[in-house]
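Here is what each chain is made of, one letter per residue.
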Amino acid sequence: MTPSARGPGFRPRAALAMSRDAAAAVLDPAALAALGEICDLAAPPALDDLGTPRARALLAEAELLVTGWGCPPLDAAVLTAAPRLRAVVHTAGSVRGHVTEACWERGIEVSSAAAANAVPVAEYTLGMILLSGKRVLERARDYRVSRARDSWLGLPAAVGNYRRRVGILSASLIGRRVIELLRPHDIEVLLHDPYVTAAEAAELGVEPVGLAELFARCDTVSVHTPLLPATRGLVDRKLIGSMPADAVLINTARGAVVDQEALTDAVLAGRIRAVLDVTDPEVLPAGHPLWDSDHVLLTPHLAGSQGNEWRRLTDLALAETARWASGAGFRYPVRRERLAFLA
């Protein structure tokens, strides 16, 4: 099959490749029925082992794979067993775990639902920026203990969100979405991203600054850079130490982007606060001091799509599959040359 064969009425032969749990979560019966309207879809269960006789039989005919969390690597051996495969539609974000160099060498087209998954992460981030700015979680805890209102007329001027200065580390899909969600608020937004030009920063409505300046000037810094060799430990002890007193570090990216020991020292000293949806390691050991710190909120990597938000991933994957089958091409393609900048 060649791309020119696609068009109105074309129904590619497709199979699901992901863990059984991922398939059950993301592809409910209505979603499977909708996918079946677009494709000649192999019946579930999804393929979580691409070396079984059933998998080999389905791969031999598959023109498109709908993948998800737990998809095995699509390496050279798998592609040899899938001579007709031309496209992968991923129902989650990162494709690093299963799209291999062999896929790019073969010219397989790849789409990801990363844009859809960015939405709830950005919403979580916005919520935490606003809640931490007003110290809602700490004050709610104190209220529960004291059963009395705090001295709200005597609160320091640092409490609140009016003209709060928020730093965004990386204009990734999620970082850009956070910037967009912050626009209606009276918040000054700074950005560090060496790949964003001054003109692009102006279009985003942010002030571009260096990495050191971002941490030194901002009341809140939100980390949105992917974990790459160049970004491992990027937020180091020096940057953390330069943050203003009572500043907040929010991390919804990857724990290893931040020096966990340095962050722990700063939080335990009460110098800064933190909101961590990811840590290094994930999960922290049972005896780790951050579990008992009043200056950190730990959440179990929940910012990304969960519950009814999975349907947003499904809807994007369905739309991408329909576009590809029609010959229109993917709206959200993953480009080989951009892999170095993606999570």
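The protein is annotated in an unreviewed UniProt entry as Hydroxyacid dehydrogenase of Streptomyces shenzhenensis.

What follows deals with the nonpolar core. Core analysis: the largest hydrophobic core is formed by 28 residues, its most contacted members being Leu214, Phe215, Val235, Ile240, Leu249 and Leu263. Secondary-structure elements contributing two or more residues to this core are helix 10 (211–217), strand 9 (220–223), helix 11 (237–242), helix 12 (260–268) and strand 11 (273–276). At 4 residues, the largest contribution of residues to this core is made by helix 12. Within the second largest apolar cluster, 26 residues are counted, among which are Ala15, Ala55, Ala82 and Ala102.

What follows concerns the sheet that holds strand 2 (residues 40–41). For sheets, the rule is that strands pair by backbone hydrogen bonds, running either parallel or antiparallel. Ordered by their spatial adjacency, 5 strands build an open sheet running 2-1-3-4-5, and the pairing between neighbours is parallel. Both outer strands of the open sheet, strand 2 and strand 5 (109–112), are each paired with one neighbouring strand and no more. Across the sheet, helix 13 (residues 310–326) is in contact with strand 3 (64–67), strand 4 (87–90) and strand 5; its angle to strand 4 comes to roughly 160°.

A word on the domain arrangement of the protein. You'll often see interface size given as the accessible area lost when the parts meet. Here the protein is described as being made up of domain 1 (13–107 + 307–338) and domain 2 (118–298). Between the C-alpha centres of domain 1 and domain 2 the distance comes to 35 Å.

Our next topic: the pairing of strand 3. Neither face of strand 3 is open: one carries Leu64 and Val66, the other Leu65 and Thr67, and all of them are buried. Note: strand 1 (residues 13–17) against strand 3, 4 bridges, orientation parallel. Bridge pairing links Ala14 to Leu64 in strand 3. When strand 3 meets strand 4, the two strands line up parallel, connected through 4 bridges. Residue Leu65 lies in a different strand from strand 4, and its bridge partner there is Val88.

Right, let's talk about the sheet that holds strand 8 (residues 207–208) for a bit. Reading across the sheet, the 7 strands line up as 8-7-6-9-10-11-12 and stay open at both edges, with parallel pairing between neighbours. Among the strands making up the open sheet, the edge pair consists of strand 8 and strand 12 (296–298). Inspection of the sheet shows strand 7 (residues 187–192) paired to strand 8 by 2 bridges, in the parallel sense. Bridge pairing in strand 8 places Leu190 opposite Glu207. Of the strands in this sheet, strand 6 (164–169), strand 7, strand 9, strand 10 (248–251), strand 11 and strand 12 are in contact with helix 6 (residues 114–133), which crosses strand 10 at around 165°.

Our next topic: helix 12. Looking only at helix 12, the buried set comprises Gln260, Ala262, Leu263, Thr264, Ala266 and Val267. Buried-residue contacts for helix 12 involve helix 11, strand 10, strand 11 and strand 12. Here helix 12 starts with a cap whose side-chain oxygen sits 3.2 Å from the backbone nitrogen of Glu261, and that cap is Asp259. Just past helix 12, the residue Gly270 takes up positive phi, approximately 75°.

Here the UniProt feature "domain: D-isomer specific 2-hydroxyacid dehydrogenase NAD-binding" (unreviewed entry) sits at residues 156–303. With 26% helix and 20% strand, residues 156–303 has its two end C-alpha atoms placed 30 Å apart.

Let's shift gears to the packing of helix 6 against helix 8 (residues 173–182). Look at helix 6 against helix 8: their axes get within 8 Å of each other, and the N-to-C directions meet at 50°. By the criterion of interaxial angle, the relationship of helix 6 to helix 8 is oblique. Considering how the two elements wind past one another, helix 6 and helix 8 form a crossing that is right-handed. Every residue of helix 8 that contacts helix 6 at Ala114, Ala115, Ala118, Val119, Val121, Ala122, Glu123, Thr125, Leu126 and Ile129 is listed here: Leu173, Ile174, Arg177, Val178, Leu181 and Leu182. Looking at the contact of helix 6 with helix 8 residue by residue, the class counts come to 13 nonpolar, 1 polar and 2 charged.

Cut-off values and rules
Residues numbered from 1 in each chain as written. Predicted model: local features only at pLDDT ≥ 70, side-chain atom pairs only at ≥ 80, totals over all residues. Heavy atoms only, no water. Core = buried A, V, L, I, M, F, W, Y, C linked by side-chain atoms within 4.5 Å. Buried < 20%, exposed > 50% of the residue type's maximum accessible area, 1.4 Å probe, protein only. Helix = DSSP H or I, 4+ residues; strand = E, 2+ residues; numbered from the N terminus. Pairing = 2+ DSSP bridges. Contact = heavy atoms within 4.5 Å. Axes fitted to C-alpha atoms, helices over the stretch in contact; angles between N-to-C directions. Domains from an automatic or database assignment. Polar contact = N/O pair within 3.5 Å; in protein donor to acceptor, adjacent residues only side chain to side chain. UniProt positions renumbered as here; feature names shortened; annotations may be inferred. Parallel < 35°, antiparallel > 145°, perpendicular 65-115°, else oblique. Left-handed = near helix turned anticlockwise from the far one by under 90°. Nonpolar A, V, L, I, M, F, W, Y, C, P; charged D, E, K, R; others polar.

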